Each structure stands twice: as C-alpha cells, then as structure tokens.
Amino acid sequence: MHSVSSSSKTNRHLLKTHRPISQFRPFLTKPTTFGLSEVPLFPNTSTQDPFGKFEALGRLEMNVVEEEENAFEIGVVVPKRNVKAEEEDYCVEVLVKEFKNVGFIVERVPGVVDDFIKLAAPLETLGRAAVELRIKKRTRIGMDLQFEWDEVDAFVRQPDGSLFSWCERFHCYRHLIYGIMNKRKSAVTLRFDGKEFNWEVGEYLLKKLESQMIVKEVFALHDEVKRKKLLHTWALHWWDFTSQPIDEIYSYFGTKIAIYFAFLGMYTRWLLFPATFGLILQIFDFGSLQLLVLPLFFISITLWAIIFPQFWKRKNVALLARWHISYPIRTDLGNRQLGTAWNSQQSSVEIMKKWGTDKTKEKEMFQRIEWFGRLMRFRNDAIIIVSIICLQLPFELAYAHLYEVIESDIVKFGLTTIYLFAIQFFTQLGGKISVKLINYENNENTEKRADSLVYKVFGLYFMQSYIGVFYHALIHRNFLTLRTVLIQRLLVSEVLENLVENTLPYLKYSYKKFRVRSKKKREKGSSTERIQFTSRVEKEYLKPSYSASIGMELEDGLFDDFLELTLQFGMIMMFACALPPSFAFAAVNNITEIRTDALKLLVMHKRPIPRVSTTIGAWLNIFQFLVVTSICTNCALLVWLYDHEGKWNIEPGLAAILVMEHVLLLIKFGFSRFVPEEPAWVQANRVKKATEAEYMCSKQILRNISGGDRAAGTSAVKKTE
C-alpha cells in the first residue's frame, strides 16, 4: 500500500487544533431581519425587564469552548492514474489544490483500483459556506435568524455541542465542493492519462470532472469515533429493549432518521399493553365469557390506537423543541410557479417587481395555481385507484379464491411462488408510473412530492397485502383459514423481509469487493496473491447506499422501513379480533427491528445523506386511516362471530356492535381536540421567547427612531446657524 501525500502530517496536525470561540463578540450588533444600525441587541436592561430572567439572558457569559476535532466527513472517488509523470495540469492535482484553496483539510488515500480524497472542513470554512447559503439558525432568544459568522455566539449549539448540525454541515460541504468555479480570465487545460479537456471560464470543476468520468462519486464518510460509540450505546445495546440515544442519533444522522427511530421506539413501547392483553386472551380459556372479552379487547386496542398518534405528535413537537427546530412554513408554492423560487436572497422589492402591484391579478394567479395543482393531484390519484381496481384487484381475488379451493399443498406452494413474482412486477411498475405522474404535479417541495409517492405506493401494497385476507374473512368466513393466512403473513413475511433486508447489503458489498479484486488481478495478470482492502474509505465506498426500493430520487431507505412498519400495523389492527397474539409478535419483531436497523445504518451501508424532515409525514395519516379501517373490519369480524347462521340478522348483540362502531368512529374524530398536539411547556417556552424577541426588537426600533430624530435635529440646528 502506498503512503499518503506529504501533506498528510500537516493535515493531522490541523485536525487536532482547537479554536476557542470566546474571541467573538457576545452581542448581536446586526439585527438582520430589520436592517437597523449597529447597536447591541442585548443591552443591560435589568431595570426595564418585565420577564425577570431577561437580565440573565442579556449578560451572556463567554466560556472558552473548544471545538472537537474536525473529522473527515466527505470522500471523493477518482480513478488511479496510469501515467506516473508529475504534471501541474493533471486534473486530480488541480482538484486537490482547489479544495485546499476553498479551505478544506485534504488527505489522499490510494486504493486497490481507485484513489480517494478525504475532506474535512474547519469551523471557519463551514461558517463561510453557511453565510453564503444564508442558512437560518436558532438564536439564544428563540428566533431563527440568518447566520452571521461575526455573531457566532448568538446562535445555539447542537445537542453534541457542535455549531452546525449534520444536515447543515453536509449542505455546506456540497456548496463548497460543487461551487468551485473557473474565475480566471481564460480556460484551463486539464489532462488525465493523455486525455485533454478544457475547464472553461465560469464552469464548475466538479460537474466537469463528473462528466469526464474522472470524479466517480462524492459520498459521506462515517465518523469512526462516533460510529463506534453508537454501536456500543445503541445498535448492540439489546438489554435496554426500546431505549435509544435519540439526541446522538440526531447529531450523527440528521432529523429524518432520528424521528423514525423515536417513532419506532415509542410505537414498540406502546405495543406492550395490547401484546399483554392478547397473550392473556390466547393463554386463558374464558369459556362462555369469550364473546364478552373479545369485544372488550377490541374496544381497548381501538382506544389505544386512537390515543397513540396524538401522543406521538406531542413527542414529535417536544423533540423538535429540544433540537431547536421550527416547523417549516410552506410559502414557496406560488413563488416557484411564478419563476421566482423563494429564498432568503430575494427581497420583497424584487418579488413585487415580478408580480406587480395589481392585487386582483395576484389573487387570481394564486387561485389558479392552487386549484390547478389540486386537480392534477386528483387526476393522478384517480389514475392509480382505477388501475388498482381494474388490474390488481381481479388478480388478488383470483389468487385468494384459488388458494381457497385448491387442496394440494404442492400446487398451493407453486401458486404462491407465481403470485410473489407477479406482485413484485406490479409494485415496481406501479412505483415507476407513480414517480412519472408526480413529476406533473404541482407539489410545493420535495417533501410533498415524497408524501404523494407514499400515498400512491401504499395503495398498491394495501391491495396486495390485505385483499386476500379480506376475502377469507368476509366472503368465505373461514376462521381457520383466516388465522393461518395471518400467521403466515406475519411470521413468514416479516422474518423473510428482515432476513433479506439485512443480508442483501452484505451480499452487494461482497460482490463489489469480488469485482474489484477480479479487475485488479486482470490488470496484474494471473496472480495468486490475495488483494486486501486496508483503507476504511475504500471499504465505505464499496458499501451500498441507503436508498429506497421505489422512487429513490424522492426517498431514502426509510421508505421501505416505514412501509414495513405500516403494513404490520394494518395487519395486527384490522384483524385484531381474529388473532389477538399478533400484537405480541409485532412487539418482539420491533424490538429486534430497532437494533437490526441500527446495525444496517452503522455497518452495512454508506452514511446516509441527511434529509430535512420534521415529521413522519404521510405515514402518520396512513396510520390514522388504518385505525378507521380497523374499526370497521373488527366490527365485521365480531358480527361474524355472533351471527353463526350467516343470516346477518340485526339482533340485540349485533345492534350493539353497530352502535359500538359508530361510537368508536366518533371518538376517533373527536379525540384530536381533547389531546393538544403541543405540550404545555413547549408552548409556554415558545410564547416566552417570542415575547422576549418582540420586546428587544421594539427597543431596538425605538433607539434607531430616537437616534434618527436627534441626528435630524442636530443637522437642522447647524443649517440655521
């Protein structure tokens, strides 16, 4: 293995340097939202403080905080060079030089077939990129203001003590890496293994090298220290069941993945109650009371399912408050459609120039955009629904009917094999059609486009996962077959999915290593020497990305994890009366899922690209839809148990079940007003911060007004004299 570049020792020295932030000013002297003159935003106003604690906020004590070591967080893959001669215009050398000019700490690592460039960014470099991107961050007074490097101490820090979150750092890296432009007066000639091409004036270097297949990939690197810590405190921490270091997960992976694991942990803890109740029903024989205990179980788990989403919303809000994240305000619908994509760089004056001052035209334009977008989404949803009804529904019913009438187990096995291959084809085809339809929708942002994909794909999976069970439950009314199908779907499908989910990344990784070794042996000729992968960055490069099986341009691997969780919830809820122990299986499966998903992220995949998401999005709406559906299906199962003759007579017991169904539906739609989505302490803290910010801004405005009046009076006196 070759040694790293001569600058690696210097790089290691730079990585261990610490920079105290106490040198920066402790006051905000540039209120960016008002554009006022430079006066301290935290003056000594103890005598005028109506809040009691504002004096302590005004006297911010500057502690000497040492930044942790700058870890290498980005890897760039370039092919090995065949020509060994040193050339100043060698494109990789130019790239490394430009990286250093930007402010990166660079280390070059040779690999078996490709070479790698590792990048780390000091805090100053990230801060400069954050200023250029106009990133808004939470300040100590609770307001989200545009980041200013000179006022760095006015901004709150992350749970791990860093100034920028992983998502902010990643976007800063991408901005700096892909923002390298030829600002010279003429084009630059670059060479790579005898091939020449020009880097034109105003052209971005990374895009040029990617088009020439010289830069193969830019990917996020695992931080080995933090990764090993999470392995011991999270992925391998089996004895704590659902306990997870959510703050550390957020700091390392970002908001979306942290929200998923927080939801999975809470959902698993809440499953313990119905799991215990279901096991009691399975173990003990209640005799003649069985027909009374089963409705009681159904009412209990329905109330449980109604309460759970509301308390999850409260936990979600509490997590965002703890991480100093605000709910995003969707204001980019009309702006994006009008060709003025909303961002903080665009002033209201520029927007008014684009729109004009005609309020009537502006109103008509927004109304037209709003309803056109809704009609496009309605059209696409109708296409998917009609396709499911006309194509997939007959296929699913035919399979369910044949499975019911066929007696041979061998024929059933062959039929199931054909069915599984067919539904994979239907799902992949439906997913591709959904992605193409979404491109024509008027969605405000990527998150809304992802939600639209979730709804459409879940419709496909809903049909293939549940229609056969509905057929056995409500048409044939074969209770034994229904339980068999439920056990098969829960046990076999979940176990196989987990097995495939966790072994497939390893198989992909092993196959890539085999291909690299084979390529290296062909270059060397016949050789029996075993080729070893010694560099960590090369091993990470060979690992598969954490991507979705459908619509990977809109979603990451969490799409499949959430889909699996949602289908499980639907199965255990909609047929709870038929198989009460299913909740216990779901609880055990989810406890295992927490650790296996953690291992998958930390060991088997590249470090995921952080995605901005403050909620679980469309998945929560699907959970609530399944709750409503489960009320109807379980009431139908109870009617079936009471109505032994199959005449569907409305007797007192059956009438009571129908009344219970309507009452539960009423509770479902009315409970959201009983449990507030925002905890009282979060609301109180938000109101307090908003009041403090309003107080300080009003004092600032008054000072500038009075200062302007005094300046005007002084100039008038001078003119009079």
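Residues numbered from 1 in each chain as written. Predicted model: local features only at pLDDT ≥ 70, side-chain atom pairs only at ≥ 80, totals over all residues. Heavy atoms only, no water.

So, the packing of helix α8 (residues 246-253) against helix α9 (residues 255-270)
- Contact pair α8 / α9: the axes reach a minimum separation of 7 Å and the direction vectors enclose 150°. Taken together, the axes of α8 and α9 lie roughly antiparallel to each other. In this structure, α8 crosses over α9, and the sense of that crossing is right-handed. For the pair formed by α8 and α9, the contact residues are Ile246, Ile249, Tyr250 and Phe253 on the first element and Thr255, Ile257, Ala258, Phe261 and Ala262 on the second.
- Among the residues making up the contact of α8 with α9, the classes are represented as eight nonpolar, one polar and no charged. (Axes fitted to C-alpha atoms, helices over the stretch in contact; angles between N-to-C directions. Helix = DSSP H or I, 4+ residues; strand = E, 2+ residues; numbered from the N terminus. Parallel < 35°, antiparallel > 145°, perpendicular 65-115°, else oblique. Left-handed = near helix turned anticlockwise from the far one by under 90°. Contact = heavy atoms within 4.5 Å. Nonpolar A, V, L, I, M, F, W, Y, C, P; charged D, E, K, R; others polar.)

Notes on helix α17 (residues 479-524)
- Helix length check: α17, at 46 residues, gives a terminal C-alpha distance of 66 Å against a target of 68 Å (1.5 Å per residue), a fit within 8%.
- At Thr503, α17 is deflected by roughly 30°, the largest bend along its length, and proline Pro505 occurs up to four residues later in sequence. (Expected span 1.5 Å × (residues − 1). Bend = angle between axes of the 7 residues up to and from the residue.)

Re the nonpolar core
- Trp234, Phe253, Phe569, Phe575 and Phe583 are the most contacted members of the largest nonpolar core, which has 97 residues in total.
- Ranked by the residues each element gives to this core, the list is headed by helix α21 (residues 618-642), at twelve residues.
- Aside from chain neighbours lying at most four places away, what touches Phe583 is Leu271, Pro274, Ala275, Phe297, Ile301, Trp304, Ile572, Met573 and Ala576.
- Ranked by size, the runner-up nonpolar core spans 46 residues in total, among them Cys91, Leu95, Val102 and Phe147. (Core = buried A, V, L, I, M, F, W, Y, C linked by side-chain atoms within 4.5 Å. Buried < 20%, exposed > 50% of the residue type's maximum accessible area, 1.4 Å probe, protein only.)

Examining unusual backbone geometry
- The residue Arg134 is not glycine, and still its phi comes out positive at about 55°.
- With respect to the helices and strands, Arg134 occurs in the loop between α4 (123-133) and β4 (136-138).
- Positioned with a positive phi, Met213 is a non-glycine residue whose angle comes to about 60°.
- Structurally, Met213 can be placed in the loop between α6 (205-211) and β8 (217-220).
- Of the residues examined, Met213 reaches a relative accessible area of 62% and is grouped as exposed.

Considerations on a positive patch on the surface
- Residues Lys508, Lys512, Arg515, Lys519 and Arg522 make up a contiguous surface patch of positive charge.
- Here Arg522 shows up in helix α17.
- Overall, Arg522 belongs to the exposed group, its relative accessible area being 63%. (Patch = residues over 30% accessible without salt bridge, like charges linked within 9 Å, V, L, I, M, F, W, Y side chains within 5 Å. Areas by Shrake-Rupley, 256 points an atom, 1.4 Å probe, with all protein chains shown as cover. Salt bridge = Lys/Arg side-chain N within 4 Å of Asp/Glu carboxyl O. Lys, Arg positive; Asp, Glu negative; His and termini not counted. Charge placed at Lys NZ, Arg CZ, Asp CG, Glu CD.)

Focus on the packing of aromatic side chains
- Evaluation of the coordinates by the stated rule reveals 36 aromatic pairs.
- Here the aromatic rings of Phe263 and Trp312 are separated by 5.2 Å at their centres, their planes lie at 80°, and the arrangement is edge-to-face. Residue Phe263 is located in helix α9, and its partner Trp312 is located in helix α11 (residues 290-322); the two are separated by 49 residues in the primary sequence. The same class applies to Phe263 as to Trp312, namely buried.
- Measuring from centroid to centroid gives 5.3 Å for Phe263 and Phe623, while their planes differ by 85°, and the two rings are edge-to-face. You can see Phe263 sitting in helix α9 and its partner Phe623 sitting in helix α21, a full 360 residues away along the chain.
- Residue classification places Phe623 among the buried residues on the basis of a relative accessible area of 1%.
- In this structure, Lys606 packs its charged tip against the face of Phe219, placed 6.0 Å from the ring centre.
- Geometry around Tyr252 places Arg607 over its ring, the cationic atom sitting 4.0 Å from the centre. (Phe/Tyr/Trp six-rings, centres within 6.5 Å; stacked < 30°, edge-to-face > 60°. Lys NZ or Arg CZ within 6 Å of the ring centre and 35° of its normal.)

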